[in-house]
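For reference, the chains in residue letters:
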Amino acid sequence: MSGEGRAVGEYVRDGAEIYRRSFATIRAEADLAGLPDDLARVAVRMIHACGMVDLVADLAWSPGVVAVARAALLAGAPILCDATMVASGVTRARLPAANEVLCTLGDPRVPDLARRLGTTRSAAALELWRDRLDGSVVAVGNAPTALFRLLELVREGAGRPAAVLGVPVGFIGAAESKQALAGNGDGLPYLVVHGRRGGSALAAAAVNAIASEKD
Ligand SMILES: C/C1=C2N=C(/C=C3N=C(/C(C)=C4\N[C@@](C)([C@@H]5N=C1[C@](C)(CCC(=O)O)[C@H]5CC(=O)O)[C@@](C)(CC(=O)O)[C@@H]4CCC(=O)O)[C@@](C)(CC(=O)O)[C@@H]\3CCC(=O)O)C(C)(C)[C@@H]/2CCC(=O)O
């Protein structure tokens, strides 16, 4: 009923305290026991971005992926993002080497490329990654077709990312693209959330956690 319930004034206003309590709640409720320590930190931040403590059950990763991705960022690797939403979510102040954060989806050449290649704009945008792919950290949060295309590019020898954070969301191709990444026979380091769940916020949260040792 309107006018009843908690008074509007009673809520936590201290940002640091909100983060502290959130992370404590996640650590109390999520089953992080099976995760390496560095990945547990990443998982906490990803759960923080989506509110689902059971996300851990769908995580899959290649051994050492967090260390590999962090080393690449420390060495100045660019972060290649499928969606501007992912790129916008990356906290620049956390990046260890003022890393470039690149999303080519809005490039004016992309609509024509997509028509010519008969694919989505998200996948066509990766054609403009060719000279940046080697040693990069790739974050796919939205588009399954981008993740599929990335794997094709790697197969074609276009370049080899240092690590791929593959968490596209959705119903058509999302689960399959993540299975393809996790099953890649190219030894490409990866982190995925299997199934339909994912999203730009999760991809950005993973980058933010890997980028900095601060919570
Ligand atoms: C099929 C697509 C899906 N999009 C999803 C969810 C969201 N997408 C948003 C927005 C704003 C954008 N999505 C595009 C990437 C657009 N989405 C697609 C495509 C049609 C194909 C991608 C694919 O299947 O691989 C794609 C267009 C394309 O040709 O590539 C976007 C570019 C469309 C546009 O506005 O131009 C745009 C991204 C903009 C950017 O950030 O750079 C949503 C915010 C939806 C909304 O607008 O309401 C939402 C965001 C989800 C997120 O966390 O990222 C799905 C569900 C992922 C879906 C793919 C799978 C499916 O089952 O449908």
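What counts, and where the lines are drawn
Residues numbered from 1 in each chain as written. Predicted model: local features only at pLDDT ≥ 70, side-chain atom pairs only at ≥ 80, totals over all residues. Heavy atoms only, no water. UniProt positions renumbered as here; feature names shortened; annotations may be inferred. Salt bridge = Lys/Arg side-chain N within 4 Å of Asp/Glu carboxyl O. Helix = DSSP H or I, 4+ residues; strand = E, 2+ residues; numbered from the N terminus. Buried < 20%, exposed > 50% of the residue type's maximum accessible area, 1.4 Å probe, protein only. Patch = residues over 30% accessible without salt bridge, like charges linked within 9 Å, V, L, I, M, F, W, Y side chains within 5 Å. Areas by Shrake-Rupley, 256 points an atom, 1.4 Å probe, with all protein chains shown as cover. Near = heavy atom within 4 Å. Polar contact = N/O pair within 3.5 Å; in protein donor to acceptor, adjacent residues only side chain to side chain. Nonpolar A, V, L, I, M, F, W, Y, C, P; charged D, E, K, R; others polar. Pairing = 2+ DSSP bridges. Right-handed = clockwise from strand over helix to strand, strands pointing away.

- In the annotation of an unreviewed UniProt entry, the entry for the protein chain reads Precorrin-8X methylmutase, and the organism field reads Sphaerisporangium album.
- Entered under Sequence similarities (unreviewed entry) in the UniProt record, the comment concerning the protein chain runs "Belongs to the CobH/CbiC family."
- For the record of the protein chain, the UniProt heading Pathway (unreviewed entry) holds the text "Cofactor biosynthesis; adenosylcobalamin biosynthesis."

### Description of the pattern of salt bridges
- Summed over the entire model, instances satisfying the criterion amount to 14 salt bridges.
- The shortest N-O distance in the salt bridge between Arg197 and Asp58 comes to 2.9 Å. Taken as a pair, Arg197 in the loop between β6 (190-193) and α9 (200-211) and Asp58 in the loop between α2 (37-50) and β1 (59-61) lie far apart in primary sequence, 139 residues in all.
- Looking at Asp58, the relative accessible area reads 23%, which means it is partly exposed.
- The partner of Asp112 in a salt bridge is Arg115, and the shortest N-O contact between them spans 2.7 Å.

### Considering a nonpolar patch on the surface
- Among the surface-exposed residues, Val12, Ile18 and Tyr19 lie close enough to one another that they form a single nonpolar patch of about 230 Å² accessible area.
- Along the polypeptide, Tyr19 turns up in helix α1 (residues 15-29).
- Residue classification places Tyr19 among the partly exposed positions, given a relative accessible area of 38%.

### Examining the site of the ligand
- Neighbouring residues of the ligand: 18 residues in total, closest Thr84, Ser122, Thr145, Phe171 and Ser200.
- A distance of 2.8 Å separates an oxygen atom of the ligand from a polar side-chain atom of Arg121.
- One of the side-chain nitrogen or oxygen atoms of Ser122 is found 2.5 Å away from an oxygen atom of the ligand.
- At the level of secondary structure, the elements contributing two or more residues to the shell around the ligand comprise α4 (84-89), α6 (121-124) and α7 (144-155).
- Its residues assigned to classes, the shell around the ligand shows eight nonpolar, nine polar and one charged.

### Structural notes on the pairing of strand β4 (residues 137-140)
- Residues Val137 and Ala139 of β4 are buried on one face, and the alternating residues Val138 and Val140, pointing to the opposite face, are buried as well.
- Note that β4 and strand β5 (residues 163-166) share four bridges and pair parallel. Looking at the pairing, Val138 lines up with Val164 of β5.
- Crossover handedness for the path β4 to α7 to β5: right-handed.

### Section: the UniProt feature "domain: Cobalamin biosynthesis precorrin-8X methylmutase CobH/CbiC" (unreviewed entry) in the protein chain
- When the UniProt feature table is mapped to this numbering, "domain: Cobalamin biosynthesis precorrin-8X methylmutase CobH/CbiC" (unreviewed entry) covers residues 17-212.
- Here residues 17-212 runs as 45% helix and 10% strand, with 19 Å between its end C-alpha atoms.

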